[in-house]
Amino acid sequence: MKHQNVLNLTCPPLPVVRIGFVGLGNRGMLALERYMHLEGVEVKAVCDLRKQNIERASVLLRRFDYPAVTEYSEEGGWQQLCGRADIDLVYICTDWLTHTDIAVYAMQQGHHAALEVPAAMSVTDCWRLVDTAEQTRRHCMMLENCCYDAFALTTLNMVQQGVLGDILHAEGAYIHDLRRHYFADESEGGYHNNWMKLYSQEHTGNPYPTHGLGPICQWMNIHRGDRMEYLVSMSSCQAGLSAYAGRIFGEHSAEAVQPYLMGDVNTTLIRTVKGRTIMLQYDVSTPRPYSRHQTICGTRGFMQKYPAPCILLDEYGKEPLSGEAFERTMEHYKHPFTATIGEEAKRKEMPNEMNYIMDYRLVHCLRNGLPLDQDVYDAAEWSCITELSELSVRQGSVPVEIPDFTRGAWE
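Presented here is an overview of the structure given in this document.

**Quick word on the environment of Cys-147**
Tracing the backbone shows Cys-147 in the loop between strand E6 (140-142) and helix H6 (150-160). For Cys-147, a relative accessible area of 2% gives the class buried. Linking Cys-147 and Gly-77, residues 70 residues apart in sequence, is a C-alpha distance of 31 Å. Setting aside chain neighbours within four positions, we find Cys-147 in contact with Ala-152, Leu-153, Gly-214, Pro-215, Gln-218, Gln-374 and Trp-382.

**What to know about the sheet that holds strand E5 (residues 112-115)**
Sheet architecture is open: 6 strands sit in the order E3-E2-E1-E4-E5-E6, paired in parallel fashion. The open sheet has two edge strands, strand E3 (70-72) and E6, and neither has a second partner. Pairwise comparison of adjacent strand axes, ignoring direction, gives a mean angle of 20° for this sheet. Sheet topology note: the E5/E6 ladder contains 3 bridges and is parallel. Counterpart to Ala-113 in the pairing with E6 is Cys-140.

**Thoughts on the packing of helix H1 (residues 26-35) against helix H14 (residues 353-368)**
Where H1 contacts H14, the axes come no closer than 11 Å and their chain directions differ by 60°. Classified by the angle their axes make, H1 and H14 are oblique. Here H1 runs over H14; the crossing is right-handed. Counting all contacts with H1, which are made through Arg-27, Arg-34 and Tyr-35, the residues of H14 involved are Asn-355, Tyr-356, Met-358, Asp-359, Leu-362 and Val-363.

**A closer look at empty space enclosed by the protein**
Considering all chains together, one arrives at 2 cavities of 30 Å³ or more under this definition. There is about 40 Å³ of room inside the largest cavity. Residues that form the lining of the largest cavity fall into these classes: 5 nonpolar, 4 polar and 1 charged. Of the residues contributing to the lining of the second largest cavity, the split by class is 5 nonpolar, no polar and 3 charged.

**Quick notes on the layout of surface pockets**
Estimated volume of the second largest pocket: approximately 520 Å³. If you go around the second largest pocket, you meet 25 residues; those closest to its centre are Gln-218, Arg-224, Leu-372, Asp-373 and Gln-374. Secondary-structure elements contributing two or more residues to the lining of the second largest pocket are H6 and helix H15 (376-383). Among the elements that take part in the lining of the second largest pocket, H6 stands out by supplying 3 residues, more than any other.

**Quick look at the sheet that holds strand E10 (residues 277-283)**
Strands sit in the order E13-E12-E11-E7-E10-E9-E8-E14 across an open sheet of 8 strands; the sheet is mixed. Strands with a single pairing partner mark the edges of an open sheet, and in this sheet they are strand E13 (310-313) and strand E14 (400-401). Bridge count between strand E7 (residues 167-175) and strand E11 (residues 295-298): 4 bridges; the pairing is antiparallel. In the sheet register, Glu-171 faces E11, and the bridge partner there is Thr-295. Relative to E13, helix H12 (residues 323-332) is tilted by about 85°, and along the sheet it contacts strand E12 (301-304) and E13.

Reading the values: the criteria
Residues numbered from 1 in each chain as written. Predicted model: local features only at pLDDT ≥ 70, side-chain atom pairs only at ≥ 80, totals over all residues. Heavy atoms only, no water. Helix = DSSP H or I, 4+ residues; strand = E, 2+ residues; numbered from the N terminus. Buried < 20%, exposed > 50% of the residue type's maximum accessible area, 1.4 Å probe, protein only. Contact = heavy atoms within 4.5 Å. Pairing = 2+ DSSP bridges. Axes fitted to C-alpha atoms, helices over the stretch in contact; angles between N-to-C directions. Parallel < 35°, antiparallel > 145°, perpendicular 65-115°, else oblique. Left-handed = near helix turned anticlockwise from the far one by under 90°. 1 Å grid on protein atoms, 1.4 Å probe; cavity = no way out; pocket = protein on both sides within 12 Å on 5 of 7 lines; lining within 4 Å. Points joined across faces, edges and corners; volume = space filled by probe spheres on them. Nonpolar A, V, L, I, M, F, W, Y, C, P; charged D, E, K, R; others polar.

Function cannot be inferred from these measures alone, as they are strictly geometric.
Quick look at the structure:
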């Protein structure tokens, strides 16, 4: 079969973007509420297997005086939603093992797909997303909100203006103490059917690479002039979750002695075709403070967000910028998205401006027939690290090739 790439894909403008939401857990409900604040959208249907979540959505819609929408709560309801002719975009906030199936089916029904991170958990599913997007000529955007973080966008603006010189190396991470959520009831922040804990028992590597990797790939123009070529990955032993469970349930409880294949800390190193390097880390089972690293090193400058924001530029000397100098630099290079859409989010008292910017940009591009900020190749490249890092760990940290999902078009 001949494949025609969807780089810079444009589709006919949609004056009003008609949306169906699949998955109304934590992320889904927050997204649904954000869409109550966006212009040019209509929510047509919602879907979740848990009727209590459907009711929560109904209460939310009534609070905003929103017209009633069609509700699906039975098995296969997401397929019925995707089969509707009055939907343009299927917005997917289910658990990560179901993202690909729903997105592929949505595109096959003629809809655009927006899906939570990671977009896929295997290289095969990454290819399914790419192949389907190319065959259907539909948009497929992974909802990587960290690309719209103010620091990440400022960094992107500085990179594009050449302030940091040639980019050599970057670091990203998802470090977030989630131990409580592994063992909490769903009503208290735990995961539905313990899906994340079960995954950690059976898999290793880095299952959640995109928060750290997404901004880096935009800084490095991945598949727009460079591409990730191979990786090596290493995981520590797993003791954090068992120790935590022992303190909560007792050292000899079933929870405390449950084996986990997932290491406490995973470190993955990636090299690009042009010789740049990337370091990613994953750690959700130790007490480490929250961090996404967001570190970048160029021939003329250095920036990092965590653990403390820092900018060091050759033109200003050998000392990092601090105080007013730091703030002036950040303000001078503030990205237009932050300066306009981000400020709108603050005026509307949105709890997380990067989520609002992400949704605003998705709707804006669909309404104006523009290419999306993140395409299906981004979704595949950033997500494939999940399986490839596990393959490297299981084989003694050997190098593993990263597929070229553009089939050569990146050049």
